[in-house]
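Breakdown of the fold
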There are 2 protein chains.
Amino acid sequence: MGNPTIPDIVIGRLPIYLRALQRMDQSGQQVTSSHELGEMLGISPPQIRKDLSLFGEFGKQGTGYHVQFLASQLQSILHLNQVWDIAIVGAGDVGHALARYQGFRDRGFQVKMIFDNDQNKIGRKIGEFTIQDIAEMAEKIQEAGIRVAMLAVPAAFAQPVTDALVKAGVKAILNYAPIQISAPPDVKVQYIDPALHLQRMSYYLK
Amino acid sequence: MGNPTIPDIVIGRLPIYLRALQRMDQSGQQVTSSHELGEMLGISPPQIRKDLSLFGEFGKQGTGYHVQFLASQLQSILHLNQVWDIAIVGAGDVGHALARYQGFRDRGFQVKMIFDNDQNKIGRKIGEFTIQDIAEMAEKIQEAGIRVAMLAVPAAFAQPVTDALVKAGVKAILNYAPIQISAPPDVKVQYIDPALHLQRMSYYLK
DNA sequence: TAGATTGTTAATCGATTAACAATC
DNA sequence: TAGATTGTTAATCGATTAACAATC
């Protein structure tokens, strides 16, 4: 069970730590330290130690952290001991790229279905998936018990599709549509909008 | 010129304000308030007023903000009065989706070229763009004076490609590779890793 | 052991918010 | 005018960091 007093900003750093640890593990490294992790990630060592200490004592004084052990602890904290099924809504370029992206499986997620409302797309295949009719979305998601969705529809559809996903029992939505959506407090929403990142950087461009 | 004392966290919110204002403008709305914007974005009204006041006085007491005026001020602050040319590195699924994404143009950016190191891809077209050899990347970017790049290569190539981009004069990199990259302080880097967002949400899933 | 690094407290730093005078 | 909303100060809140005892 998650401790409800952990700040969300700390939760946001855990996957970053995990990603670094998994890279270390893949390269055969067995031990690391808050200093090394901090160097690698641009995060201060005490910050890392403090974050981790909110969940337990994972290190050894004088030695540091055992890479595999810490990684598995973080996976457990983040509920990544299981593979979460994902539904993709929207089979345009973004939905297409997400459906084919190979990087989810190793990191606790697995695309299971993809929906669109375009009759020309429905029935066509993307890799192993057949694009399904969005009219059947709620039913299919409920049947499969899917809790995680990625939203790759035009901005105008984002809110109605969100409402349908919430009704179907989805609790986590990664929204690629360039618009704020509203959902009940028990439904987490994260946003990806590349233009937002670019605009943030262009402030610093002369 | 940007005021160097503005916190980066404030800069990060300006594009969010701008996006909301542009939607209002498109729907014909002429005036808004910090309260309405805050409601829409989940940001407190005083926060919005304080952020904006760091750059000037853009509102009218009793009335609020003129949507078009505030939007144009934000565009100017963010250096979005011009269109920034972008180079994409990596012509896989992600690079492909980015090259075809229609959402950049209205928001101050324009894809100009795309590179890959795969001989089977070089010379093929994505929309209007011909995939170019990454061996010619530095030269082409320098010639065109491109300052902004999007990185959509495998993690193992992210750092060497970054080094090449920096040498070629790129000052802003949006990195889709799931790995931290290092660049000089005058080169801004932003990250997009969907798995990171998913993992952050799965903490809250039971 | 000596050196290194954790976990944690206290201090600092920075960001957010409450409150309100100014004024449209 | 009366009502509404800004811009801004002061207070609060929360996050980061410095420092160090504990200990491997």
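Look up: the structure comes first, before these words.
Cut-offs applied
Residues numbered from 1 in each chain as written. Chains lettered and ligands numbered in written order. Predicted model: local features only at pLDDT ≥ 70, side-chain atom pairs only at ≥ 80, totals over all residues. Heavy atoms only, no water. Near = heavy atom within 4 Å. Polar contact = N/O pair within 3.5 Å; in protein donor to acceptor, adjacent residues only side chain to side chain. Helix = DSSP H or I, 4+ residues; strand = E, 2+ residues; numbered from the N terminus. Least-squares fit on C-alpha atoms with pLDDT ≥ 70 in both. Contact = heavy atoms within 4.5 Å. Pairing = 2+ DSSP bridges. Axes fitted to C-alpha atoms, helices over the stretch in contact; angles between N-to-C directions. Buried < 20%, exposed > 50% of the residue type's maximum accessible area, 1.4 Å probe, protein only. Buried area = accessible area lost by both parts, 1.4 Å probe. Salt bridge = Lys/Arg side-chain N within 4 Å of Asp/Glu carboxyl O.

Quick notes on the protein's contact with DNA strand C
Around DNA strand C sit 24 residues, and of these Ser-34, Arg-49, Gly-59 and Tyr-65 of chain A together with Ser-44 of chain B come closest. Here, DNA strand C places atoms within 4 Å of the protein, and 59% of those atoms are sugar or phosphate. Between a sugar or linking oxygen of DNA strand C and a side-chain N or O atom of Glu-57 of chain A, the distance comes to 3.4 Å. Here a phosphate oxygen of DNA strand C and a backbone polar atom of Gly-59 of chain A are 2.8 Å apart. Elements supplying a minimum of two residues to the surface near DNA strand C: α3 (45-53), β2 (59-60) and β3 (64-66) of chain A together with α1 (8-26) and α3 (45-53) of chain B.

Here we look at the relation of the copies chain A and chain B
Here the two chain copies are tied together by a rotation about an axis and a shift along that axis. Expressed as a screw transformation, the operator carrying chain A onto chain B has a rotation angle of 180° and an axial translation of 0.0 Å, and the superposed copies differ by an RMSD of 0.0 Å. When the rotation and shift are considered jointly, the pair of chain copies conforms to a two-fold rotation axis. Every residue of chain A has its C-alpha some distance from the rotation axis, and the shortest such distance is that of Ala-97 of chain A, at 3.2 Å. Same-surface contact between copies: 100% of interface residues of chain A are shared with the interface of chain B.

Things to note about the sheet that holds strand β3 (residues 64-66) of chain B
Residues and elements named next belong to chain B. Taken in spatial order, the 3 strands of this open sheet run β1-β3-β2, and their pairing is antiparallel. Both edges of this open sheet fall to β1 (31-32) and β2 (59-60), since each of them pairs with a single strand only. With 2 bridges joining them, β2 and β3 adopt antiparallel strand pairing. Its bridge partner lying in β3, Gly-59 is registered against Tyr-65. Helix-sheet contacts for helix α4 (residues 67-77) involve β1 and β3, and the interaxial angle to β3 is about 75°.

Some points on the sheet that holds strand β1 (residues 31-32) of chain A
All names here are of chain A. If you walk across this open sheet you meet the 3 strands as β1-β3-β2, and the pairing is antiparallel. The open sheet has two edge strands, β1 and β2, and neither has a second partner. Contacting β1 and β3, helix α4 (residues 67-77) crosses the sheet at an angle of about 75° to β3.

Describing unusual backbone geometry
The backbone of His-79 of chain A sits at a positive phi, close to 60°, despite the residue not being glycine. Along the chain, His-79 of chain A falls in the loop between α4 and β4 (84-89).

Some words on the side chain of Asp-51 of chain A
Residues and elements named next belong to chain A. Mapped onto the elements, Asp-51 comes out in helix α3. Relative accessible area serves as the criterion here: at 2%, Asp-51 is assigned to the buried category. When sequence neighbours within four positions are dropped, the list of residues in contact with Asp-51 reads Val-10, Arg-13 and Tyr-17.

A few points about the interface of chain A and chain B
Counting residues at the interface gives 60 residues for chain A and 60 residues for chain B. Summing the contributions of chain A and of chain B, the shared interface buries around 6,000 Å²; its carbon and sulfur component is 63%. Joining chain A to chain B, the criterion identifies 8 salt bridges. Here Arg-107 of chain A and Asp-193 of chain B are joined by a salt bridge, their closest N and O atoms 2.9 Å apart. In this assembly, chain A and chain B are joined by 24 residue pairs in polar contact (both at pLDDT 80 or more). Of all the elements in the fold, those that place two or more residues in the side of chain A that touches chain B are α1 (8-26), α2 (34-41), β4, α5 (93-100), β8 (148-151), β9 (172-175), β10 (188-191) and α8 (194-202) of chain A.

Description of the environment of Met-137 of chain B
All names here are of chain B. Mapped onto the secondary structure, Met-137 falls in helix α6 (residues 137-144). By relative accessible area, which is 3% here, Met-137 ends up buried. Sequence separation between Met-137 and Asn-117 is 20 residues; the distance between their C-alpha atoms is 10.0 Å. Among residues more than four places away in sequence, those in contact with Met-137 are Val-89, Phe-115, Val-161, Ala-164 and Leu-165.

Everything listed here is a matter of coordinates, which is why it stays silent on function.
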